[in-house]
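Architecture at a glance
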Amino acid sequence: QVRLVESGGGLVQAGGSLRLSCAASGRTFSNYAMGWFRQAPGKEREFVAFINWNAGNGYYANSVKGRFGISRDNAKNTVYLQMNSRKPEDTAVYYCAAKEDSKPYYQLVSQYAYWGQGTQVTVSS
């Protein structure tokens, strides 16, 4: 089991920045690739960003590319999502998730075995 707890959500004005954190406990954190997803009211959960186990390149949804940055610190069992140049359409509950490295499709919700409870991010215009 991997337990994930997100933090750092809140209210931010459009154009502002926010950093989300996701702390992991349980099984060895560095064994898992990590993703961030978000879900707006009435919409399906969607992929935001992904980073593999060794903190190589990040991969991003087109809607956030160039504005968001994903990183991880395996010594601290934590993954981060730096969100810059926020837009009102970024308003959603943000979730971190862990998947085994062998699962190939990082954009798919179904590939991830463990999820946090989510943190609300609201961007005001």
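Above this text is the structure in question.
Residues numbered from 1 in each chain as written. Predicted model: local features only at pLDDT ≥ 70, side-chain atom pairs only at ≥ 80, totals over all residues. Heavy atoms only, no water.

**Brief notes about the overall build of the protein chain**
Secondary structure assignment for the protein chain yields zero helices and eleven strands. Beginning at the N terminus, the succession of helices and strands in the protein chain can be written as β-β-β-β-β-β-β-β-β-β-β. For the protein chain, the C-alpha radius of gyration of 13 Å lies close to 14 Å, the compact-globule estimate for 125 residues. Once the C-alpha set of the protein chain is aligned to its principal axes, its extents read approximately 40 × 25 × 25 Å. Expressed as a percentage of its 125 residues, the buried residues of the protein chain come to 41%. Contacts spanning at least 24 positions in sequence make up 59% of the contacts within the protein chain whose residues lie at least 6 apart. Approximately 6,400 Å² of the protein chain is accessible, and the part contributed by carbon and sulfur atoms is 45%. Within the protein chain, the 8 negative side-chain charges are centred at a point lying 2 Å from the centre of the 14 positive side-chain charges. (Helix = DSSP H or I, 4+ residues; strand = E, 2+ residues; numbered from the N terminus. Rg over C-alpha atoms; globule rule 2.2 N^0.38 Å. Buried < 20%, exposed > 50% of the residue type's maximum accessible area, 1.4 Å probe, protein only. Contact = heavy atoms within 4.5 Å. Areas by Shrake-Rupley, 256 points an atom, 1.4 Å probe, with all protein chains shown as cover. Lys, Arg positive; Asp, Glu negative; His and termini not counted. Charge placed at Lys NZ, Arg CZ, Asp CG, Glu CD.)

**Points about the sheet that holds strand β1 (residues 2-7)**
Think of a sheet as strands paired side by side through backbone hydrogen bonds, with each pair either parallel or antiparallel. Spatial ordering of the open sheet is given by β1-β3-β8-β7, a layout of four strands whose pairing is antiparallel. Either end of the sheet is taken by a strand with one partner, and the two such strands are β1 and β7 (68-73). Across the sheet, the axes of successive neighbouring strands diverge by a mean angle of 15 degrees, strand direction being ignored. Pairing between β7 and strand β8 (residues 78-83): six bridges, direction antiparallel. The residue bridging Gly-69 from the neighbouring strand is Gln-82, located in β8. (Pairing = 2+ DSSP bridges. Axes fitted to C-alpha atoms, helices over the stretch in contact; angles between N-to-C directions.)

**Regarding the nonpolar core**
Ranked by internal contacts, the top residues of the largest apolar core, which has 34 residues, are Leu-4, Met-34, Trp-36, Leu-81 and Tyr-94. When contributions to this core are tallied by element, the ones reaching two or more residues are β1, β3 (18-26), β4 (32-39), β5 (46-51), β7, β8, β9 (92-100) and β11 (119-124). (Core = buried A, V, L, I, M, F, W, Y, C linked by side-chain atoms within 4.5 Å.)

**So, the packing of aromatic side chains**
For the structure shown, the criterion picks out ten aromatic pairs. Ring geometry for Phe-37 and Phe-47: centres 5.8 Å apart, planes at 75 degrees, overall edge-to-face. On the criterion of sequence distance, the pair formed by Phe-37 in strand β4 and Phe-47 in strand β5 is long-range, its members being ten residues apart. The exposure class assigned to Phe-37 is buried, which follows from its relative accessible area of 0%. Sitting above the plane of the Phe-29 ring, Arg-72 keeps its charged end 4.3 Å from the centroid. (Phe/Tyr/Trp six-rings, centres within 6.5 Å; stacked < 30°, edge-to-face > 60°. Lys NZ or Arg CZ within 6 Å of the ring centre and 35° of its normal.)

Shape is all these values report; function is a separate question.
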